[in-house]
Amino acid sequence: MWRLRRAAVACEVCQYLVKHSSGIKGSLPLQKLHLVSRSIYHSHHPTLKLQRPQFRTSFHQFSSLTNLPLCKLKLSPIKYGYQPRRNFWPARLAARLLKLRYLILGSAVGGGYTAKKTFDQWKDMIPDLSDYKWIVPDIVWEIDEYIDLEKIRKALPNSEDLAKLAPDFDKIVESLSLLKDFFTTGSPGETAFRATDHGSEGDKHYRKGLLGELILLQQQIQEHEEEARRAAGQYNTSYAQQKRKVTDKEKIDQLQEELLHTQLKYQRILERLEKENKELRKLVLQKDDKGIHHRKLKKSLIDMYSEVLDVLSDYDASYNTQDHLPRVVVVGDQSAGKTSVLEMIAQARIFPRGSGEMMTRSPVKVTLSEGPHHVALFKDSSREFDLTKEEDLAALRHEIELRMRKNVKEGCTVSPETISLNVKGPGLQRMVLVDLPGVINTVTSGMAPDTKETIFSISKAYMQNPNAIILCIQDGSVDAERSIVTDLVSQMDPHGRRTIFVLTKVDLAEKNVASPSRIQQIIEGKLFPMKALGYFAVVTGKGNSSESIEAIREYEEEFFENSKLLKTSMLKAHQVTTRNLSLAVSDCFWKMVRESVEQQADSFKATRFNLETEWKNNYPRLRELDRNELFEKAKNEILDEVISLSQVTPKHWEEILQQSLWERVSTHVIENIYLPAAQTMNSGTFNTTVDIKLKQWTDKQLPNKAVEVAWETLQEEFSRFMTEPKGKEHDDIFDKLKEAVKEESIKRHKWNDFAEDSLRVIQHNALEDRSISDKQQWDAAIYFMEEALQARLKDTENTIENMIGPDWKKRWLYWKNRTQEQFVHNETKNELEKMLKCTEEHPAYLASDEITTVRKNLESRGVEVDPSLIKDTWHQVYRRHFLKTALNHCNLCRRGFYYYQRHFVDSELECNDVVLFWRIQRMLAITANTLRQQLTNTEVRRLEKNVKEVLEDFAEDSEKKVQLLTGKRVQLAEDLKKVREIQEKLDAFIEALHQEK
């Protein structure tokens, strides 16, 4: 009893799953159901003798009993045993059969309509490819001549054979109806499942309807095939008749016209799409530029690569590490159109232009990149030139011309120094191009004699890079035999693996060349020994420098659209226009970059390791300071030394100023003031002469001399602080820089002009004062006078000794002899000294009779002497005699202060010369004090300001720093810095390149 109850429960569960499960597709066999649901047909039912047939149809089950939630089921009463009599309800059965049929027919009709609609939409979306038949090779259209399609069609199975391969719809319908009977819910007295062997009469009619529809569809397909065969036959007949009418020549011309028209149409479509793409990209870049996305824009690949090239251009390659990174090198004969091609690629007239004149005087590196605005800027400047405005274009061309002339040294015509220019704009192809000076054949007037060789050396230096792409520009309007650049390019790249040949001015060439095939030979490289990756032909305008880029592009397209070069297939569509050229050059450039950049990075890593090892071996305790860092360190030291100049004590300033001023004016005071005044006979005349000469001296010379002395003193003190060694901290690498800063600062410094006028008044008042207040000042004046006279006496004795030669002691001890002239001077001196002993109050000048007497006396002793020699000797002899007499008089005046206070009344002693030297000494002290105040208050600060300005100028002048900071240590540190910078930039570029991939 409990087994029957369990079986009933299982049957109700299965019925529930069949009704509510949407995850079962296909027919569900009885064997797949629960085992308990089949147990009611086992042997414990004696009435069960028929076995329910097993169905082998496949199904896909998405759910299982184990995954379903358990729920309470209402068990229906079960009648035990098998009932062999079948009960049919016609109405229910007909409704269910009609419902199933309508579902199948509705699905078929709806699916067919949807498929047709989708097919029509796809068909409308597919472009008309009839205009692009030229893309498909001719052999495809002529394939019916080589392959018998009729035999292949006959070999294929017909519709009847295909129908046999189709599935048996009778069996499918029978299985569906059988499954329907299984899942049909019966009355409470019926069993859960029914077995059936044959379908109903409705199923048979349904199967017959489906077979009829299939037969009708097959007949329609055969009718369509017959219509297609008839249409193909008519088309072949008409095509054969037309083919017989049209000659071969007309066919070729017609096909060429159609091909050219299709190519130009395709070109215009591409240009329109590119223009739309450019505008869209411009909008996107403008949004990024305005910060709409709130993110920091990264540098583009081409900008990163250009920075690497800029660093490499300044790097002096050593350790056999050379710059082998790719760039596009543009070479060509002068006036061949190099600049015009570059301008077409950059889409702006950015280069200076001249008719037949050499305009490109130094290499110009142009980095093309994409950006929201069409602008240009130099590497070392922040100014942006708007290339859409004519005034900015003119300013850019003028700036490039000025930079070229600045790079060219005096006596030269071209320069190897590179001008770096970045051009950004929407739709520009990313690449780096270098425009080189045009190759010339003859040096004309106004050029340096070595101009031709210099241009060749510059071109070879760029082209010998094994990864450089050579863009060889050839003028198509001149004879190919006159070209120079092709031989140069063939030497650098004999196999043509990195050369792209460009023929310019094709419009002029087509008009002037009698044989158009000659242009084809030039394009194909048959007239030159040079080989190339690709050959291109472009038109760079009508020769008018005021033409815009758009006008040149329209003219170029119009020319090639009507040119015989394309119509006669001498040139292919991808070989013309600067647009195709720029695309090809950009692709070749990036291909070369990806192939070589990692190898270059590895070579710089090895170089960096070698440099670091050399630094550790030579300078283990020093930091790696490059030239800029060393300059900053020297700058701080120099400013510290200038500040220490303001810490000099006032006493030291006055002492050195007074001493320097006296050394400068002592000769004038002794020779022009004191000695002339001392020749007078009385004190009144002496004082008058002194006052006149002092007044003249003060008005004209003394203030200027004092300012010169002060300025020289400031220079000496500044130099002393700059060059004074600092012990162990002193670094001799800065000596040359400090000397240059000192000289330049002194050159720029100018003394205040108003100081000389005020100083003149002060000096005049000081010299007018004759009152000596105390004995101490009197003694100081005597001491000052004695020092001055003794110094002059010593100089005079040295002069006389040089004049007469060594005395007897030096002749015996040092084995020296007198010359004949010295012997004559010695004899003359002795004769003049005898005369002075006789007359001690002799005047300063010899009379003519005295000269004759001296000459006669010397002749009597056999010495021939000239009167001028006697005067010269007398001047020195009398000067010594006078100075000795003045020194004796100075000693007598030591006790003369008492007589001075009484104005030398009732006294034979007169000390007016002591008063003169006191006036001079006091003037020197007051002048030194005045100059010291001006130095400490004004001039030292102005000098410090000049030093700062000089240092700032030197900091901006890289050439100056290279000249002043030299040596192995500096060069090694510079190389280390640059190699590290290059390696870091290369690593960043390679990482960005991999990310872009």
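Analysis parameters
- Residues numbered from 1 in each chain as written.
- Predicted model: local features only at pLDDT ≥ 70, side-chain atom pairs only at ≥ 80, totals over all residues.
- Heavy atoms only, no water.
- UniProt positions renumbered as here; feature names shortened; annotations may be inferred.
- Helix = DSSP H or I, 4+ residues; strand = E, 2+ residues; numbered from the N terminus.
- Buried < 20%, exposed > 50% of the residue type's maximum accessible area, 1.4 Å probe, protein only.
- Contact = heavy atoms within 4.5 Å.
- Phe/Tyr/Trp six-rings, centres within 6.5 Å; stacked < 30°, edge-to-face > 60°.
- Core = buried A, V, L, I, M, F, W, Y, C linked by side-chain atoms within 4.5 Å.
- Pairing = 2+ DSSP bridges.
- Axes fitted to C-alpha atoms, helices over the stretch in contact; angles between N-to-C directions.
- Salt bridge = Lys/Arg side-chain N within 4 Å of Asp/Glu carboxyl O.
- Expected span 1.5 Å × (residues − 1).
- Arc of directions from axis to C-beta.
- Polar contact = N/O pair within 3.5 Å; in protein donor to acceptor, adjacent residues only side chain to side chain.
- Patch = residues over 30% accessible without salt bridge, like charges linked within 9 Å, V, L, I, M, F, W, Y side chains within 5 Å.
- Areas by Shrake-Rupley, 256 points an atom, 1.4 Å probe, with all protein chains shown as cover.
- Lys, Arg positive; Asp, Glu negative; His and termini not counted.
- Charge placed at Lys NZ, Arg CZ, Asp CG, Glu CD.

In the annotation of an unreviewed UniProt entry, the protein chain is listed under the name Dynamin-like GTPase OPA1, mitochondrial and assigned to Callorhinus ursinus. Under the Catalytic activity (unreviewed entry) heading, UniProt states for the protein chain: "GTP + H2O = GDP + phosphate + H(+)". You can read under Subunit (unreviewed entry) in the UniProt record for the protein chain the words "Oligomeric complex consisting of membrane-bound and soluble forms of OPA1. Interacts with RCC1L; RCC1L acts as a guanine nucleotide exchange factor (GEF) for OPA1 by exchanging bound GDP for free GTP. Interacts with CHCHD3 and IMMT; these interactions occur preferentially with soluble OPA1 forms. Interacts with PRELID1."

Draft legend 1. The arrangement of unusual backbone geometry in detail. Non-glycine residue S335 carries a positive phi angle of around 65°. Position of S335 among the secondary structure elements: in the loop between β3 (328-332) and α10 (338-346). Positive phi is not limited to glycine here, since T577 has a value of about 75°. Residue placement: T577 occurs in the loop between α17 (564-567) and α18 (578-618). Judged by its relative accessible area of 10%, T577 is buried.

Draft legend 2. Expanded view of the environment of I549. Mapped onto the elements of the fold, I549 is located in helix α16 (residues 549-562). With 202 residues separating them along the chain, I549 and Q347 place their C-alpha atoms 6.1 Å apart. Filtering out sequence-adjacent residues up to four positions away, I549 remains in contact with E343, M344, Q347, A348 and R349.

Draft legend 3. Region of interest: the packing of aromatic side chains. Counted according to the given criterion, the structure contains 14 aromatic pairs. Note on Y305 and F589: the rings are 5.6 Å apart at their centroids and 80° apart in plane angle, and the pair reads as edge-to-face. With a gap of 284 residues between them, Y305 in helix α9 (residues 301-313) and F589 in helix α18 connect regions that are remote in the sequence. Y305 gets classed as buried once you look at its relative accessible area, which sits at 0%. We classify F589 as buried; its relative accessible area is 0%. Judged by centre distance (5.4 Å) and plane angle (65°), the ring pair of Y674 and F917 falls under edge-to-face. Of the two residues, Y674 sits in helix α20 (residues 650-678) while F917 sits in helix α31 (residues 912-956), which places them 243 residues apart along the sequence. By the burial criterion, Y674 is buried, and F917 matches it. In this structure an aromatic cluster arises from ring pairing among W662, Y674, F784, F882 and F917.

Draft legend 4. Structural detail: the side chain of R627. Looking at the secondary structure, you find R627 in helix α19 (residues 627-645). The exposure class assigned to R627 is buried, which follows from its relative accessible area of 10%. Beyond its immediate stretch of four places on either side in the chain, R627 contacts K961, V962, L965, V970, Q971 and E974.

Draft legend 5. Region of the structure containing the nonpolar core. If you look at the biggest cluster of nonpolar residues, it comprises 101 residues, and the most contacted ones within it are W662, Y674, W697, W778 and I920. At 17 residues, α31 tops the list of elements feeding residues into this core. Contact partners of I920, with chain neighbours within four places excluded, come to W662, V669, L694, W697, L767 and F784. By size, the runner-up hydrophobic cluster in this structure holds 67 residues, among which are L393, V423, L433 and F604.

Draft legend 6. Examining the sheet that holds β3 more closely. With mixed pairing, the nine strands of this open sheet are ordered in space as β6-β5-β7-β4-β8-β3-β9-β10-β11. The open sheet is flanked by β6 (385-386) and β11 (534-537), the only strands paired with a single partner. Relative to strand β8 (residues 431-435), β3 is paired through three bridges, and the arrangement is parallel. Counted as the bridge partner of V330 is D435 from β8. Contacts from α10 reach β3, β4 (364-369), β7 (419-424), β8, β9 (469-475) and β10 (499-504), with the element oriented near 160° to β8.

Draft legend 7. Representation of the UniProt feature "coiled-coil region" (unreviewed entry) in the protein chain. In the numbering adopted here, UniProt assigns the feature "coiled-coil region" (unreviewed entry) to residues 207-290 and 933-960. Here residues 933-960 runs as 96% helix and 0% strand, with 36 Å between its end C-alpha atoms.

Draft legend 8. Representation of the pattern of salt bridges. A full pass over the atoms with the stated rule returns 41 salt bridges. A salt bridge links D626 to K977, with the nearest nitrogen and oxygen atoms 3.0 Å apart. Of this pair, D626 sits in the loop between α18 and α19 while K977 is found in helix α33 (residues 968-996), placing the two residues 351 residues apart along the sequence. Accessibility expressed as a relative area gives 6% for D626, which makes it buried. Residue E739 pairs with K742 through a salt bridge whose shortest N-O separation is 3.0 Å. Of this pair, E739 and K742 both sit in helix α23 (residues 735-748), three residues apart, which is roughly one turn of that helix. A relative accessible area of 29% means that E739 is categorised as partly exposed. A relative accessible area of 12% places K742 in the buried class. Through salt bridges with shared partners, a single network forms among R608, E612, E624 and R980.

Draft legend 9. Representation of the pairing of β3 in the model. Among the five residues that make up β3, five are buried, leaving the element largely enclosed by the rest of the structure. Side chains V328, V330 and G332 of β3 all project onto a buried face; the interleaved residues V329 and V331 project onto the opposite face, where all are buried too. The pairing of β3 with β9 spans five bridges and is classified as parallel. Across the sheet, V329 pairs through a bridge with I470, a residue of β9.

Draft legend 10. Molecular detail of helix α21 (residues 683-700). Between its terminal C-alpha atoms α21 stretches 26 Å, which fits the 26 Å expected from 18 residues at 1.5 Å a residue. Inspection of α21 places F686, T689, V690, L694, W697 and T698 among the buried residues, and these make up the whole buried set. Down the axis of α21, the smallest arc covering the buried residues is 155°, so these residues share one side. Looking at where α21 begins, the residue whose side-chain oxygen comes 3.4 Å from the main-chain nitrogen of G684 is N682.

Draft legend 11. Up close: a negative patch on the surface. Together, E417, E949, E952, E956, D957 and E959 give the surface a local cluster of negative charge. Within the secondary structure, E959 is located in helix α32 (residues 958-964). Residue E959 is classed as exposed on the basis of its relative accessible area of 52%.

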